[in-house]
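Structural characterization, general
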Amino acid sequence: MDQIAYVNGSFVPLAEAKVSILDRGFLFADGIYEVAAVLDGRLVDNASHLARLKRSVGEISLALPETLERIAEIQKELVARNQLVNGMIYLEVTRGADKGRDFAFPKGTTPTLIMFTTVKDIVNAPSAKAGIGVITVPDIRWSRRDIKSVALLAQVLAKQAAAEAGAGEAWMIEDGKVTEGGSSSAFILTRDDVLVTRQNGSEILPGCTRKAVVALAEERQLRVEERAFSVEEALAAKEAFITSATLFVQPVISIDGKTIANGKPGPMTNRLREIYVDFARATAV
Ligand code: PDD
């Protein structure tokens, strides 16, 4: 079966899904994206992703071409048309194609909205059992990382460096502290059993999975501190993990080749992963 994508009102075979070379997403990275997991054919935590989409487009004065309700309908229709059981759905909205290449917002262009799906068995991913190593890189991104912008070159370079080092993720460092992963939020569990993840602000993306994991942990009386932490603190921690829509909760077992604790996924990380998967299954729509 040909994979189907969505482009500006139409469902088309992926190979025919095209946008203009003058699209501002292509020329200026003038666009916003979201990625939501699909579990058993249903969207995980999608209300949270759509709320962040609304916020991100608002921050760059980009009007969505469809209502959030209609976007959710299109997402579901695309999942159904692709008979997607487990994987993710990507959506991107850009300021559209102008007649040329002017930096300032064009007048009268229609925003571009595209979506496609990818197959991935997130629940049974081998890296979730084995854990991953991370490397550290300087955080060279712009200062509005709270906006889920498609300008991802810094993360492309960071994650390429991780791949070349045989690591699963890059943790980005600013002022001696971890901001977040190239495409994930970073957590540690301290020796005193406190879950630590950086506070939201313009330095990081407010992760939807991060938000859910913090809430689920707090509901279970776990102590959570939202503050910055250093690599030294992470290396001295009991456990570490990352979260994202495409991984859920994934154990981190080493940083720059130095192991954390015994170098195995920690019990709290494994437990939080199970709790998150249960939450995802129970609330997916
Ligand atoms: N990335 N931080 C960054 C920089 C991210 O790009 C992401 C997600 C996250 C985690 O956010 P969430 O839990 O809402 O997925 C944190 C997506 C998955 C991506 O770019 O593929």
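Residues numbered from 1 in each chain as written. Predicted model: local features only at pLDDT ≥ 70, side-chain atom pairs only at ≥ 80, totals over all residues. Heavy atoms only, no water.

1. A look at the domain arrangement of the protein
The test is simple: Note: domain ranges come from an automatic or database domain assignment. By definition, residues are in contact when any of their heavy atoms lie within 4.5 Å. Accessible area, probed at 1.4 Å, shrinks when two parts are joined; the buried area is that loss added up over both. By definition here, a salt bridge exists when the distance from a side-chain nitrogen of Lys or Arg to a carboxyl oxygen of Asp or Glu is within 4 Å. As used in this structure description, the phrase polar contact means that two N or O atoms lie within 3.5 Å; if the pair is within protein, one of them must be able to donate a hydrogen and the other to accept it, and residues adjacent in sequence are counted only when both atoms belong to side chains.
For the protein, the domain assignment lists domain 1 (4-119) and domain 2 (126-283). Relative to domain 2, the C-alpha centre of domain 1 lies at a distance of 26 Å. With 23 residues of domain 1 in contact, the opposing surface of domain 2 contributes 21 residues. In total, about 1,900 Å² of surface goes out of reach between domain 1 and domain 2, with carbon and sulfur atoms giving 60% of it. If you look at where domain 1 meets domain 2, you find three salt bridges. The shortest N-O distance in the salt bridge between Glu59 and Arg144 comes to 2.8 Å. Inspection of the domain 1/domain 2 interface yields eight residue pairs in polar contact (both at pLDDT 80 or more).

2. Structural notes on the layout of surface pockets
Worth spelling out the cut-off: Cavities and pockets were defined on a 1 Å grid built from protein atoms only: a cavity is a group of points that admits a 1.4 Å probe but offers it no way out, a pocket is an open group of points flanked by protein on both sides within 12 Å along at least five of seven lines, and a lining residue is one with an atom within 4 Å of any such point. Grid points are joined across faces, edges and corners, and a volume is the space filled by probe spheres set on the points. Secondary structure elements are defined from DSSP: runs of H or I of at least 4 residues count as helices, runs of E of at least 2 residues count as strands, and each element is numbered from the N terminus.
Empty space within the largest pocket amounts to approximately 780 Å³. Lining the largest pocket are 40 residues, with Tyr33, Lys148, Gly182, Ser183 and Ser184 sitting closest to its centre. Elements with a minimum of two residues in the lining of the largest pocket: strand 3 (31-39), helix 2 (46-59), strand 5 (87-94), helix 5 (153-164), strand 9 (177-181), helix 6 (208-219) and strand 13 (239-244). Here the element with the most residues in the lining of the largest pocket is helix 5; it accounts for five residues.

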